[in-house]
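Listed below, chain by chain, are the residues.
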Amino acid sequence: MAIIMLGLGLTLTLEDFRRVVKYPRAMVVCLVAQMLVLPAICLGLVVVFGLRPELAIGMMLLAASPGGSTASLYSHLFKGDLALNISLTAVNSVLAMFTLPVIVNLSVAGFLGADSSIGLQFDKVVQVFAMVLIPIAVGMAVRARFSNFAQRMERPVKILSVVVLLLMITSVISGLGEEVFAILGEVILVVVLFNLFSMSVGYFGPRLLRVGRRESIASAFEIGLHNATLSIAIGMSPTLLNNTEMAMPSVVYGFVMFITAALFGMVISRRVSAATTDQAVTPNRG
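Cut-offs used in this document
Residues numbered from 1 in each chain as written. Predicted model: local features only at pLDDT ≥ 70, side-chain atom pairs only at ≥ 80, totals over all residues. Heavy atoms only, no water. Patch = residues over 30% accessible without salt bridge, like charges linked within 9 Å, V, L, I, M, F, W, Y side chains within 5 Å. Areas by Shrake-Rupley, 256 points an atom, 1.4 Å probe, with all protein chains shown as cover. Salt bridge = Lys/Arg side-chain N within 4 Å of Asp/Glu carboxyl O. Helix = DSSP H or I, 4+ residues; strand = E, 2+ residues; numbered from the N terminus. Buried < 20%, exposed > 50% of the residue type's maximum accessible area, 1.4 Å probe, protein only. Axes fitted to C-alpha atoms, helices over the stretch in contact; angles between N-to-C directions. Parallel < 35°, antiparallel > 145°, perpendicular 65-115°, else oblique. Left-handed = near helix turned anticlockwise from the far one by under 90°. Contact = heavy atoms within 4.5 Å. Nonpolar A, V, L, I, M, F, W, Y, C, P; charged D, E, K, R; others polar. Phe/Tyr/Trp six-rings, centres within 6.5 Å; stacked < 30°, edge-to-face > 60°.

The next subject is a nonpolar patch on the surface. Together, Val48, Phe49, Phe181, Leu184, Ile188 and Leu189 give the surface a local cluster of nonpolar side chains, amounting to about 580 Å² of exposed area. Among the elements that take part in the nonpolar patch, helix H9 (residues 179-208) stands out by supplying four residues, more than any other. Structurally, Val48 can be placed in helix H3 (residues 24-48). Given a relative accessible area of 69%, Val48 falls into the exposed group.

Below is the structure:
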């Protein structure tokens, strides 16, 4: 996990954080959606579908996780504002380290009871900080000092990230054994709906507030594609939640998000193309 976060740091510069002021409206909408709207949507889904407590907490952990590098990939493919994606990933990764423990602990208290031994106490929160923020900071320092090396390492690190995600998914599945199919049937619809709702909120929320289309596409993928590797690591780690079932929603998400994101991107691209065509053929009545 630390290596993956180091790889993320290699793609970031201080300018990515400074650029936040260039997109104030898009940034505020995205952050409000990420920190408040998505956890509320996720809570509604797990209650409506009556998920068992461990899976419900796993869903809330996923909702609290920031966006990952996959969001930038899809934003690039479907002509989103890549600079906004990078800035959102940078800011979200930092803010999530404060909001994620709060959301997880409230979820544990709500679904398992306040006296549960599971949760992210202060010492565990420090571990999450160390696992995420320190490698990002080191990667940014390397990028600032050895920019050519950092740029050459971006592709290998992205490939490594996919390999690590697949290894973690395999580990969760093997740990659950035959029970994995029962859990898959219980959680897959919730995961797909949450993913689709997240991308819809990420796109249509900014559009309602008159944010540009490219920025809205970037927002859709940043809000809709969470860092499944991070949430799996937190769920499985013996020193953090140490619960394989809590990692299972993120495992399912790690598979389905690639398909749903591609379909969503194609639908949005057609909307953008249709709108552009309408503007081109509509005569100027002024």
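Turning our attention to the pattern of salt bridges. Overall, the coordinates contain three salt bridges when judged by the stated rule. For Arg52, the salt bridge identified is with Glu245, shortest N-O distance 3.3 Å. Pair noted here: Arg52 is in the loop between H3 and helix H4 (53-64) and Glu245 is in helix H12 (residues 244-281), with a separation of 193 residues, a long-range link. Accessibility expressed as a relative area gives 16% for Glu245, which makes it buried. A salt bridge links Asp81 to Arg214; the nearest nitrogen and oxygen atoms lie 4.0 Å apart. A residue pair is termed long-range when its members are at least 10 positions apart, and Asp81 in the loop between helix H5 (69-77) and helix H6 (82-112) and Arg214 in helix H10 (residues 213-224) qualify at 133 residues. Of the residues examined, Arg214 reaches a relative accessible area of 46% and is grouped as partly exposed. What emerges from the salt-bridge pattern is a single network uniting Arg52, Glu186 and Glu245.

For the pair H5 and H10, the least separation of the axes is 8 Å and the interaxial angle reads 150°. Judged on the interaxial angle alone, H10 and H5 are roughly antiparallel. Taken as a pair, H5 and H10 cross one another with a handedness that is right-handed. Here H5 contributes Ala71, Tyr74 and Ser75 to the contact with H10, which in turn contributes Ala218, Phe221 and Glu222.

Closest axis-to-axis distance for the H3/H9 pair is 10 Å, and the angle between their directions is 150°. Put simply, H3 runs roughly antiparallel to H9. Crossing angle aside, the handedness with which H3 passes H9 is right-handed. Listed contacts from H9 to Val29, Ala33, Val37, Leu38, Ile41, Cys42 and Leu45 of H3 are Val190, Leu193, Phe194, Phe197, Ser198, Val201, Gly205 and Pro206. Here the contact of H3 with H9 is composed, by residue class, of 13 nonpolar, two polar and no charged.

Secondary-structure assignment places Leu38 in helix H3. What makes Leu38 buried here is its relative accessible area of 0%. As a C-alpha pair, Leu38 and Ala63 span 25 residues in sequence and 6.2 Å in three-dimensional space. Among all residues touching Leu38, those that are not within four sequence positions of it are Ala33, Ala63, Phe194, Ser198, Ile223 and His226.

What follows concerns the packing of aromatic side chains. Note on aromatic pairs: each is described by the distance of the centres and the angle between the planes. In the structure shown here, the tally under the stated rule is four aromatic pairs. A ring pair is formed by Tyr203 and Phe204, whose centres lie 5.0 Å apart and whose planes are at 90°; its orientation type is edge-to-face.

As far as function goes, none of this settles anything; it's purely spatial.
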